[in-house]
Amino acid sequence: MKKTDVSTYDHFLKVVDCQQACPAHTPVPEYIRLISDKRYSDAYLLNWQSNVFPGVLGRVCDRPCEPACRRGRVEEEPVAICRLKRVTADLKDDITSRLPKAPEHKNGKTVALIGAGPASLTVARDLLPLGYDVTIFDRDFKAGGMMRSQIPAFRLPEAVLDEEIDYILNMGAKTEFGTPITSLHKLLKDNYDAIFVGTGAPKGRAIKIPGVKEADAHIALGIDWLSNVSFGHNDKAPKRVVVLGGGNTAMDCCRTAKRLGGVDVKVVVRSSYEAMKASPWEKKDAAAEGIEIIVNHTPKEFVMDKGKFVGVSFEEVESIYDRGGNRVLKQTGKTLLVECDLVLVAVGQDTSFPWIERDIGLDFNEWGQPELNEKTLQSSIDKVFFGGDAAFGPENIITAVAHGHKAAISIDLFCQGINPEQRTDSDFALVSQKMGMHEWSYQNITDHEVRHAVPHISWDKAVKELATEVELGFDDQLALQEAKRCLNCDVHTVFTESTCIECSACDDICPVDCINFIEDIPDNTRPPQELLKGKLHLDKATDEQDYLISDKLKTGNIMVKDEDMCLHCGLCAERCPTGAWDMQKLTLTNVEATIK
């Protein structure tokens, strides 16, 4: 069989499920170990290097890392990775003196960033220490983009957002806030060396059903309504509110309406509860606040009676899936009238570029989005780059941060006269964690402690106060207990064929039977899953992870380890009499733009 390629970081990074799943490849196990050592400031700065907004993302991230967590495959609940990130922000010391600063002598290159959201701020964070003159434009008077305008204060306190934005702005970024860009053509004439567009997806999708014109005064787009609340233009809601949509914006709308006076607040979605796009914890918190979620109903008509708005009529539907897995909504014939005073429409968002002229050489696709090189985020105008929701449509904050890092690398190369496609790939290192015969530099005891719940204020109090944060976060004791649940997946079981004597000690001691010594299979044409079926202690349960397959050993056998099952407990390395197994920690380098 073909030996697993371990000459690059690809195999090793995939094994660290959480870090692989994070768009910014945040080194999750490493910062959790720092929390275990109560090195909160170090853990924060490690986060800050990758995800830029640990305090923000520790509260409102979509958490792609958690469904990927190996602990979730061993037991029911993954490690509370997101809330541990918040711990680093809540318990850190003053770290301002440890942040990079812009050099006094600039490199002579100027960059304009349009929009002051997470993508643009990440670009600024990466380029300012390299000597670039960076100017950030935004139509609002404060930076933050959708983090400020669309996420309510009870989920993300303004002080947390301001602190982490100021870390970047205080590096020396020039700001032109309250200054909307009305013409890209005009900005191109200002001779910036590069321009980055990070304007998000600011256009809420309207809903076109009968009665929409007549009921216009009682209908608002969810993202616009949230923005008006955030900036103090709206401080109350009527008693009866209906929210259309099943995403996180819909959850923010209904929970905000409850705090602004809504008594009877309902969310109506056309999918099932399980298929809603909102994060499970957002749905759970909305329900805890007494908000009813009505599923499998699609809006039919805004109902008026003698010129007076009554509510929304819905048709009940059921989801039918075709052979390709595509969902089709089938009407059941039943209808439902939900009486209300205000309808908040949160059924999706779109990019919007009315300020980009269509005759300046910037190509758009059929959906009105810019044609981009996905590897570099460069547009058809070579000095113009896009990122965040503005690039490929609505995603989330951590994806916008990842785009910011990628775009910063591209801009840095472009400004040096280098093709951005010639970017250097990330490098990696593996370092042994051995401290003695049976000692490791990390905690490797696998326990069965359940996930710890994050403390909340009382729900009765929560719905009465718009700016009071609902979650209290972990204290240091809860943080320590939760951190110990991490399986340290970045500490890899590394195998060296030349020192193996095939004594099977590792095979015997492995608690999950993931190590196998078998006869070589002289076939490289079929996938390992097919070739190995029935030949190992246990067949692979899922294809989430690859096998670690060795080269031929002295007997002609091979070693096969199922990376999906491995607990990284280190027992194989402790038992091995020749050191053929070792526990080695993965470190990724060269992730952000760097000085050349």
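In the block above lies the structure referred to throughout.
Residues numbered from 1 in each chain as written. Predicted model: local features only at pLDDT ≥ 70, side-chain atom pairs only at ≥ 80, totals over all residues. Heavy atoms only, no water.

(A) The overall build of the chain, seen in detail. Per the secondary structure count, the chain includes 22 helices and 21 strands. In terms of C-alpha radius of gyration, the chain reaches 27 Å, essentially the compact-globule figure of 25 Å for 596 residues. Based on the C-alpha atoms only, the size of the chain along its principal axes is roughly 90 × 65 × 50 Å. Evaluated residue by residue, the chain yields a buried proportion of 54% over its 596 residues. Total accessible area on the chain stands at roughly 26,800 Å², and carbon and sulfur atoms take up 49% of it. Side chains of the chain carry 70 positive and 91 negative charges; the gap between the two charge centres is 3 Å. (Helix = DSSP H or I, 4+ residues; strand = E, 2+ residues; numbered from the N terminus. Rg over C-alpha atoms; globule rule 2.2 N^0.38 Å. Buried < 20%, exposed > 50% of the residue type's maximum accessible area, 1.4 Å probe, protein only. Areas by Shrake-Rupley, 256 points an atom, 1.4 Å probe, with all protein chains shown as cover. Lys, Arg positive; Asp, Glu negative; His and termini not counted. Charge placed at Lys NZ, Arg CZ, Asp CG, Glu CD.)

(B) Focus on the sheet that holds strand β10 (residues 297–305). Overall, antiparallel pairing links the three strands, which are arranged β10-β11-β12 in an open sheet. Two strands bound the open sheet, and with one partner strand each, they are β10 and β12 (327–339). Ignoring strand direction, the axes of neighbouring strands in this sheet form an average angle of 20°. Taken together, the 10 bridges between strand β11 (residues 308–321) and β12 define a ladder with antiparallel strand orientation. Counterpart to Phe314 in the pairing with β12 is Leu336. (Pairing = 2+ DSSP bridges. Axes fitted to C-alpha atoms, helices over the stretch in contact; angles between N-to-C directions.)

(C) Here's a closer look at a negative patch on the surface. Taken together, the side chains of Asp5, Asp10, Asp425 and Asp427 define an acidic patch exposed on the protein surface. By the element assignment, Asp10 lies in helix α1 (residues 10–15). (Patch = residues over 30% accessible without salt bridge, like charges linked within 9 Å, V, L, I, M, F, W, Y side chains within 5 Å. Salt bridge = Lys/Arg side-chain N within 4 Å of Asp/Glu carboxyl O.)

(D) Spotlight on empty space enclosed by the protein. Per the stated rule, a full pass over the model turns up six cavities of 30 Å³ or more. Approximately 120 Å³ is the volume found for the largest cavity. When residues of the lining of the largest cavity are traced back to their parent elements, those giving at least two are α8 (81–91) and α15 (280–288). Its residues assigned to classes, the lining of the largest cavity shows three nonpolar, no polar and nine charged. (1 Å grid on protein atoms, 1.4 Å probe; cavity = no way out; pocket = protein on both sides within 12 Å on 5 of 7 lines; lining within 4 Å. Points joined across faces, edges and corners; volume = space filled by probe spheres on them. Nonpolar A, V, L, I, M, F, W, Y, C, P; charged D, E, K, R; others polar.)

(E) Summary view of α8. The element α8 is largely enclosed, with a buried count of nine among its 11 residues. Listing the buried residues of α8 in full gives Ile81, Cys82, Arg83, Leu84, Lys85, Arg86, Val87, Thr88 and Ala89.

(F) Just the pairing of strand β8 (residues 264–268), in detail. For β8, a buried count of four out of five residues is recorded, marking the element as mostly surrounded by other parts of the structure. Inspection of the sheet shows strand β7 (residues 240–244) paired to β8 by five bridges, in the parallel sense. Its bridge partner being in β8, Val243 is matched across the sheet by Val267. Taking the sense of rotation as the criterion, the β-α-β connection linking β7, helix α14 (residues 248–259) and β8 turns out right-handed. (Right-handed = clockwise from strand over helix to strand, strands pointing away.)

(G) Structural detail: the sheet that holds β8. Taken in spatial order, the five strands line up as β6-β13-β7-β8-β9 in an open sheet, and their pairing is parallel. With one partner strand each, in any of the chains shown, β6 (219–221) and β9 (292–294) form the two edges of the open sheet. For this sheet, the mean inter-axis angle between neighbouring strands, taken without regard to orientation, is 25°. Bridge count for β7 against strand β13 (residues 342–345) is four bridges, and the pairing is parallel. Bridge assignment links Val242 to a residue of β13, and that residue is Val343. Along the sheet, α14 contacts β7, β8, β9 and β13; its crossing angle with β8, the most-contacted strand, is approximately 175°. (Contact = heavy atoms within 4.5 Å.)

(H) Structural context of the packing of helix α4 (residues 40–51) against α8. Taken N-terminus to C-terminus, the directions of α4 and α8 make an angle of 120°; their axes are 8 Å apart at the nearest point. Looking at the two axes, α4 sits oblique to α8. Remark: the crossing between α4 and α8 carries left-handed chirality. Across the interface between the two elements, Tyr40, Ala43, Tyr44, Asn47 and Asn51 of α4 pack against Lys85, Val87, Thr88, Ala89 and Leu91 of α8. (Parallel < 35°, antiparallel > 145°, perpendicular 65-115°, else oblique. Left-handed = near helix turned anticlockwise from the far one by under 90°.)

(I) Molecular detail of helix α3 (residues 28–36). Counting buried residues in α3 gives seven out of nine residues, a clear majority hidden from the surface. Among all positions in α3, only Val28, Pro29, Tyr31, Ile32, Arg33, Leu34 and Ile35 are buried. Along its buried surface, α3 packs onto α2 (17–21), α4, α8, α19 (476–483), β17 (491–495) and β21 (581–589).

(J) Seen up close, the packing of helix α13 (residues 222–230) against α14. α14 packs onto α13 with a crossing angle of 45° between their chain directions and a minimal axis gap of 10 Å. In terms of orientation, α13 lies oblique with respect to α14. Relative to α14, α13 is oriented so that their crossing is left-handed. Counting all contacts with α13, which are made through Gly222, Ile223, Trp225, Leu226 and Val229, the residues of α14 involved are Thr249, Asp252, Cys253, Thr256 and Ala257. Residue composition of the contact of α13 with α14, by class: six nonpolar, three polar and one charged.

(K) Main features of the pattern of salt bridges. Across all of its chains, the model carries 37 salt bridges by this definition. A salt bridge links Glu158 to Lys142; the shortest N-O distance between them is 3.1 Å. On the criterion of sequence distance, the pair formed by Glu158 in helix α11 (residues 158–169) and Lys142 in the loop between β2 (133–138) and α10 (146–149) is long-range, its members being 16 residues apart. Judged by its relative accessible area of 42%, Glu158 is partly exposed.

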